[in-house]
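Chain by chain, the residues:
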Amino acid sequence: MTQRALIVGLGISGMSAAIALKRQGWTPVIIERAPERRRGGYFIGLRDEGKDAAEALGVLDIMEKRTPENIRFWDVRKDGSRRRIADLTRETDAPIAVLRGDIEEALWRGVEGRVEVRFGTVPQTIVTGNTQAQVTLRSDGGQETTEAYDLVIGADGVRSTVRRLVFGPDEAFFHSLGTMLCAFPLRRPVRGFKDGDGLMLADTRRTLTVFPLEGRPSTALFSYRTKNPTAASKKDPLTTLRQIFVDLDIDGIVSRVLEDLAATDDFLFDSVQMVKMPRWSKGRVLLLGDSAWCLTLYSGMGASVGMIGGLALGDSLKSCNGDVNAALQAFEAKLRPFVRKHQRFVVLRSQLFVPSTRLSLWGRRVLWQILLSSRKYLFPNKT
Ligand SMILES: Cc1cc2nc3c(=O)[nH]c(=O)nc-3n(C[C@H](O)[C@H](O)[C@H](O)COP(=O)(O)OP(=O)(O)OC[C@H]3O[C@@H](n4cnc5c(N)ncnc54)[C@H](O)[C@@H]3O)c2cc1C
């Protein structure tokens, strides 16, 4: 009889795991809290590791790629002047620009029709033993069922229900970066900038970045530092951002971008939390992706490692000849050094997005300028 896995979450990690398990002869079932598949989302720079993983999952070629041909990035200063800086999609290892929804769309094509997907369904209780886990599921209509699975995978994001039900409260595993983010798609170009232009408006403890995309309006990312992220995430994003950026509204850029926030429901406003866990599995329950190790947006690796995680699980099951308990240990041994390496630099990388002092603001500017100069020197035709 084939082994059955319940995957909680139809995001990048959940779908990657489903494709990898299916290849190993398993029968995955995915449950998703939302009533339907989400689309769109925010800018993601997919690095080499992510491109390789997408290729191994068979989805790189079908993934929409949105790096503008004529991309240029500008550092907009408080006095209204702007300077050309290196663009985020042409760092040394050249990530490609995509929307989160582009990765999900590509993975969906590997899942649709091959894997059972139940929308509007969440786990209520999970009881795990050494060979199976019993899960009570609740659907939007209020029906409850209890089902047995050989493996339950919590791929339900940074605020994971599976983690809370099986491993403990969020606070035990959250490491706050003391920052907030608000990401959303813009409806129209930023006035005074051309197609393909991105911009950063940075001051100490607060930044606005606009990421240009080919064939789509740009996406905006506000990020700011706060002493109390928990309280901040309960506030209204629009009012809060208006207050925080009131004296940084250069040429009306911030006000216009915030008008687009007011007009959309497709936004993410949350505190930034890294997740650190001593173990990613307990009995027959495994956490995968942001639920297990959230590397945060500052790492630029979350989407990549979500796909890498799915593949690593498939490889571990294969190399352990179906011995699930051994495979969970092998998975951990394989992935932990990689995750640890990236977690180590998250706090430092957060300075690139939201500098905490005048010194780091200055250091960040110098770094972007150096990157631009080195590109001019290395790739004279591309700048
Ligand atoms: C603004 C921003 C920019 C980013 N930029 C980059 C980047 O440039 N490069 C990069 O590699 N990464 C980036 N990331 C990180 C990347 O987006 C995430 O690491 C990745 O999407 C995590 O995927 P996931 O599947 O683990 O979790 P999620 O995307 O959170 O998916 C979880 C899924 O589970 C569902 N779910 C939640 N709870 C339940 C429940 N109780 N029952 C059933 N379903 C549930 C959710 O609806 C969702 O579909 C960025 C993140 C943000 C926020």
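Right, let's walk through the structure included here. (Residues numbered from 1 in each chain as written. Predicted model: local features only at pLDDT ≥ 70, side-chain atom pairs only at ≥ 80, totals over all residues. Heavy atoms only, no water.)

### Concerning the sheet that holds strand 4 (residues 72–76)
No. 1: Strands sit in the order 5-4-13-14-15-12-16 across an open sheet of seven strands; the sheet is mixed. The sheet is open, and its two edges are formed by strand 5 (82–85) and strand 16 (268–275), each paired on a single side. For this sheet, the mean inter-axis angle between neighbouring strands, taken without regard to orientation, is 25 degrees.
No. 2: Sheet topology places strand 12 (residues 174–185) next to strand 15 (residues 216–225); seven bridges connect them, and they run antiparallel. From the neighbouring strand, threonine 179 faces strand 15, where its bridge partner is arginine 225. (Pairing = 2+ DSSP bridges. Helix = DSSP H or I, 4+ residues; strand = E, 2+ residues; numbered from the N terminus. Axes fitted to C-alpha atoms, helices over the stretch in contact; angles between N-to-C directions.)

### Quick notes on the packing of aromatic side chains
No. 1: For the structure on display, the rule yields seven aromatic pairs.
No. 2: Ring geometry for tryptophan 280 against tryptophan 293: centres 4.9 Å apart, planes inclined by 65 degrees, an arrangement best described as edge-to-face. Here tryptophan 280 is found in the loop between strand 16 and strand 17 (281–282), whereas its partner tryptophan 293 is found in helix 8 (residues 290–293), with 13 residues between them in sequence. By the burial criterion, tryptophan 280 is buried, and tryptophan 293 matches it.
No. 3: Residues tryptophan 280 and phenylalanine 331 carry aromatic rings whose centres are separated by 6.1 Å and whose planes lie at 65 degrees to one another, so their mutual orientation is edge-to-face. Of this pair, tryptophan 280 sits in the loop between strand 16 and strand 17 while phenylalanine 331 sits in helix 11 (residues 324–344), placing them 51 residues apart in sequence.
No. 4: Of the residues examined, tryptophan 280 reaches a relative accessible area of 1% and is grouped as buried.
No. 5: Grouped by ring-pair contacts, the aromatic residues Phe43, Phe73 and Phe211 constitute a single cluster.
No. 6: Sitting over the face of the ring of phenylalanine 193, arginine 82 holds its NZ or CZ atom 3.9 Å from the ring centroid.
No. 7: Cation over ring: arginine 336 sits above tryptophan 280, and NZ or CZ is 4.1 Å from the ring centre. (Phe/Tyr/Trp six-rings, centres within 6.5 Å; stacked < 30°, edge-to-face > 60°. Buried < 20%, exposed > 50% of the residue type's maximum accessible area, 1.4 Å probe, protein only. Lys NZ or Arg CZ within 6 Å of the ring centre and 35° of its normal.)

### Things to note about the site of the ligand
No. 1: Taken together, 33 residues are adjacent to the ligand, and Ser13, Glu32, Arg38, Gly45 and Asp290 come closest.
No. 2: With respect to the ligand, the side chain of glutamate 32 contributes an N or O atom lying 2.6 Å from an oxygen atom.
No. 3: The separation between a nitrogen atom of the ligand and a polar side-chain atom of threonine 161 is 3.0 Å.
No. 4: Here the ligand, which alone exposes 1000 Å², has 91% of that area covered by the protein.
No. 5: Elements with a minimum of two residues in the shell around the ligand: helix 1 (12–23), strand 2 (27–32), strand 3 (43–46), strand 8 (121–128) and helix 10 (302–319). (Near = heavy atom within 4 Å. Polar contact = N/O pair within 3.5 Å; in protein donor to acceptor, adjacent residues only side chain to side chain. Areas by Shrake-Rupley, 256 points an atom, 1.4 Å probe, with all protein chains shown as cover.)

In short, shape yes, function no, at least from these values alone.
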